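One-letter residues, chain by chain:
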Amino acid sequence: MQDKNFHFSILKSTGIFGVSHLVKIVAKVIVNKVAALYLGTIGIGIIGLVENLLSVLYGFVNFGIPASSVREIALATNESDTDLSDENRKIKIILYWSIFSGIFGGIVFAITSYFFFTNFYPEGASFIWFFLLFIYFLFFSLFSAKIAILQGKREIKKMVVIQVWSAIIQMISALFCYSFFGIDGIAISILFSTVFSYVIIYFYTINIDVSLISISLRQVFFEGLPMVKLGLILSMGALINQIAYYVIRLFLMDFLSLEALGIFQVSQTILIGYLSLIFVVMSNDFYPQLCNLENDKSTFEKYINQQTQFALFLVVPLVLGMYLFAPQIITLLYSTEFLDVLLVLKIALFGLILKTIAWPIGFISLVKGNRKLFFKQNLVSDLINVLTSVILTYYFGLIGLGIAFSAMFLGSLGYNFFTVYKNYQFQFSSETIQVIIFSIFLGMTALISLIWFEMSYENPIVLGAFFISILFSIFKFKNNLKKTD
């Protein structure tokens with residue numbers, strides 16, 4: 001491998017994006033607290049269902065344009081820093097396809113909205129506000145396309161500013177709408193924040209002028225097809241993922257209760273919305289950078305190895321910290337009414353460590369353009385998720401959801417590593433393996449300690465593991481930064 005150290009660049013990009021996502025977390029914490037007070041567990045359950053529904057429908061109609069366009073723009077930007085004609089042509093094609101997918105999504109939602117409304121909402125809620133969410137699809141489609149373009153061009157500062165303002169707008173709209181409109185405020189808040197988020201990104205991308213690019217609709221269709229073919233695989237994977245969570249939510253609502261659905265929503269907010277934001281932060285720069293390194297195998301592998309180490313340095317202390325302070329955090333963010341979430345988190349938190357190992361190698365097939373393999377990797381993960389969630393919840397209740405979460409990422413890690421080793425001969429470096437083994441050891445130590453102690457800051461075993469993880473992460477990262485760049 002080449003003697004290139006990515007740790008500093010990873011730290012820099014993570015720090016920059018971390019600012020915007022810290023704002024997102026704070027905003028989401030405030031919103032969830034207000035939702036818990038004004039809407040209760042049932043209202044939070046409905047929020048999860050509506051957001052899941054919109055994600056499923058958007059995943060069905062967007063052709064995977066946001067994900068595939070990041071790769072296309074990153075490659076076009078890397079190939080030529082002087083001639084912008086090819087890059088601008090691709091941008092115009094992306095925007096045209098996004099407009100079409102947004103209109104298509106709005107039509108599909110308008111046709112099906114009454115069916116979903118009658119199945120989701122309690123009596124007394126207003127259908128008209130829910131119906132108006134058909135407007136959401138056009139604005140969100142264009143917003144997603146423009147964010148993908150900025151990500152592909154690696155215009156990090158603009159992305160951060162846009163994400164900060166979007167988070168603030170979403171917070172303000174949710175606070176106002178939940179407190180004044182109750183359950184109806186869920187749809188009003190989503191619609192309001194989406195429109196204004198697009199207005200913000202419009203002004204920050206106004207310098208990307210593609211009006212002089214002459215291209216017919218026929219050319220848009222045929223030149224966009226290669227991107228759409230890749231995107232459809234990505235879209236199908238995202239769609240299946242959302243359908244998987246939709247099935248789990250429907251099962252919980254039918255087998256347990258709406259209150260249990262609210263508990264599940266809170267657990268997913270903590271595991272994916274808060275703790276997993278680390279992956280979102282890092283992927284903003286990790287994916288386009290990986291596309292640029294695709295043709296240099298040794299540097300490509302080294303970048304993945306160092307990203308894996310860096311992610312574990314952050315995630316393991318966070319996971320152990322949650323084992324210590326989860327009861328206080330849940331009470332602060334929501335209320336004592338939601339403490340049953342601890343039943344899910346007990347085992348699910350360990351799954352985050354497995355996810356951290358599986359996450360970077362999951363990008364390899366995507367960067368290589370291997371659509372079928374990427375689809376299979378996601379399909380395996382989602383199938384494990386649905387089957388284990390339904391079966392284990394049936395037999396063990398809410399704690400079964402935590403076991404299912406960890407089982408999903410254990411299966412995903414095993415399958416992902418097997419496929420990338422077989423197809424691309426990827427291997428973890430000896431240093432990365434050491435970090436992985438030690439991280440799993442600390443996570444298992446915390447998990448086993450729950451046989452004798454509760455999830456509490458009074459748990460001496462987890463407390464010791466927590467401080468060891470912090471010292472280990474600081475020591476290893478400082479050593480890595482000292483290496484020759």
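Model, not experiment: these values are computed from the prediction.

(A) Up close: a positive patch on the surface. On the surface, a cluster of positive charge is made up of K229, R371, K372, K376 and K422. It is helix α15 (residues 371-396) that contributes the most residues to the positive patch, 3 residues altogether. Here K422 shows up in helix α16 (residues 398-424). K422 sits in the exposed class, given a relative accessible area of 58%.

(B) Seen up close, unusual backbone geometry. Residues other than glycine seldom take positive phi values, yet Q425 does so here, at roughly 55°. Its location among the elements puts Q425 in the loop between α16 and α17 (430-449). Judged by relative accessible area, Q425 falls into the partly exposed class, the value being 44%.

(C) Region of interest: α16. Helix length check: α16, at 27 residues, gives a terminal C-alpha distance of 39 Å against a target of 39 Å (1.5 Å per residue), a fit within 8%. Where α16 ends, the next residue or the one after it, Q425, has phi of about 55°, a positive value.

(D) Broad picture of the nonpolar core. In terms of nonpolar packing, the biggest core is built from 109 residues, with V50, L133, Y323 and L345 touching the most fellow members. Counting residues per element, this core draws most heavily on helix α12 (residues 297-333), at 16 residues. Mapping this core onto the domain boundaries places at least three of its residues in each of domain 1 (1-248) and domain 2 (257-483). When residues no more than four places from it in sequence are discounted, the contact partners of L133 are V50, L54, F109, A187, I190 and L191. Counting 25 residues, the second largest nonpolar core, distinct from the first, contains F63, I94, I200 and V228.

(E) Highlighting a nonpolar patch on the surface. Together, F255, L256, L383, L387, I391, Y394, Y395 and F396 make up a nonpolar patch on the protein surface, roughly 850 Å² of accessible area in all. Per element, the largest residue contribution to the nonpolar patch is 6 residues, and it comes from α15. Note on placement: Y395 falls in helix α15.

(F) A look at the environment of L450. Tracing the chain through its elements places L450 in the loop between α17 and α18 (460-482). According to the relative accessible area criterion, L450 is buried, its value standing at 19%. As for L450 and I461, which are separated by 11 residues in sequence, their C-alpha atoms are 9.3 Å apart. Not counting the four nearest positions on each side in its chain, L450 is found in contact with Y323, K346, M455 and N459.

(G) Looking closely at the packing of aromatic side chains. All told, the structure shown has 29 aromatic pairs when counted by the stated rule. Each ring, one from F117 and one from F130, has its centre 5.8 Å from the other, and the planes form 45°; the classification is tilted. Taken together, the residues F117 in helix α4 (residues 85-120) and F130 in helix α5 (residues 127-131) connect sequence positions 13 residues apart. Residue classification places F117 among the buried residues on the basis of a relative accessible area of 9%. Look at F130 and you get buried, because its relative accessible area is 1%. A centroid spacing of 6.4 Å and a plane angle of 75° characterise the contact between F313 and F472, whose relative ring orientation is edge-to-face. With a gap of 159 residues between them, F313 in helix α12 and F472 in helix α18 connect regions that are remote in the sequence. Owing to a relative accessible area of 6%, F313 belongs among the buried residues under this scheme.

(H) Structural detail: the packing of helix α13 (residues 341-361) against α16. Contact pair α13 / α16: the axes reach a minimum separation of 7 Å and the direction vectors enclose 15°. As judged from the angle between their axes, α13 and α16 are roughly parallel. Judged by the twist between their axes, the crossing of α13 over α16 is left-handed. By residue class, the composition of the contact of α13 with α16 is 20 nonpolar, 5 polar and 1 charged.

(I) Local environment of the pattern of salt bridges. For the structure shown, the criterion picks out 1 salt bridge. Measuring nitrogen to oxygen at the nearest pair gives 3.8 Å for the salt bridge that ties E431 to K476. Placement of E431 in helix α17 and of K476 in helix α18 is noted, with a sequence separation of 45 residues between them. Accessibility expressed as a relative area gives 22% for E431, which makes it partly exposed.

(J) Molecular detail of the packing of α12 against α13. Two elements in contact, α12 and α13, have axes whose closest approach is 8 Å; the angle formed by their N-to-C orientations is 170°. In this view, α12 runs roughly antiparallel relative to α13, as classed from their interaxial angle. Looking at side-chain class alone, the contact of α12 with α13 contains 23 nonpolar, 3 polar and 1 charged residues.

(K) Structural context of the confidence of the model for the protein. When pLDDT is averaged along the protein, the result is 80, and 86% of the positions lie at 70 or above. Mean pLDDT across the elements of the protein ranges from a minimum in helix α11 (residues 277-292), with 67, to a maximum in α17, with 90.

(L) A look at the environment of L252. As for its position among the elements, L252 is in helix α9 (residues 217-255). Here L252 falls in the buried class, since its relative accessible area comes to 0%. Distance from L252 to T393, taken between C-alpha atoms, is 8.4 Å for residues 141 residues apart in sequence. Each residue touching L252, except ones within four places of it in the same chain, is listed here: S257, F264, T393 and L401.

What counts and what doesn't
Residues numbered from 1 in each chain as written. Predicted model: local features only at pLDDT ≥ 70, side-chain atom pairs only at ≥ 80, totals over all residues. Heavy atoms only, no water. Patch = residues over 30% accessible without salt bridge, like charges linked within 9 Å, V, L, I, M, F, W, Y side chains within 5 Å. Areas by Shrake-Rupley, 256 points an atom, 1.4 Å probe, with all protein chains shown as cover. Salt bridge = Lys/Arg side-chain N within 4 Å of Asp/Glu carboxyl O. Lys, Arg positive; Asp, Glu negative; His and termini not counted. Charge placed at Lys NZ, Arg CZ, Asp CG, Glu CD. Helix = DSSP H or I, 4+ residues; strand = E, 2+ residues; numbered from the N terminus. Buried < 20%, exposed > 50% of the residue type's maximum accessible area, 1.4 Å probe, protein only. Expected span 1.5 Å × (residues − 1). Core = buried A, V, L, I, M, F, W, Y, C linked by side-chain atoms within 4.5 Å. Domains from an automatic or database assignment. Contact = heavy atoms within 4.5 Å. Phe/Tyr/Trp six-rings, centres within 6.5 Å; stacked < 30°, edge-to-face > 60°. Axes fitted to C-alpha atoms, helices over the stretch in contact; angles between N-to-C directions. Parallel < 35°, antiparallel > 145°, perpendicular 65-115°, else oblique. Left-handed = near helix turned anticlockwise from the far one by under 90°. Nonpolar A, V, L, I, M, F, W, Y, C, P; charged D, E, K, R; others polar. pLDDT = per-residue confidence, 0-100.

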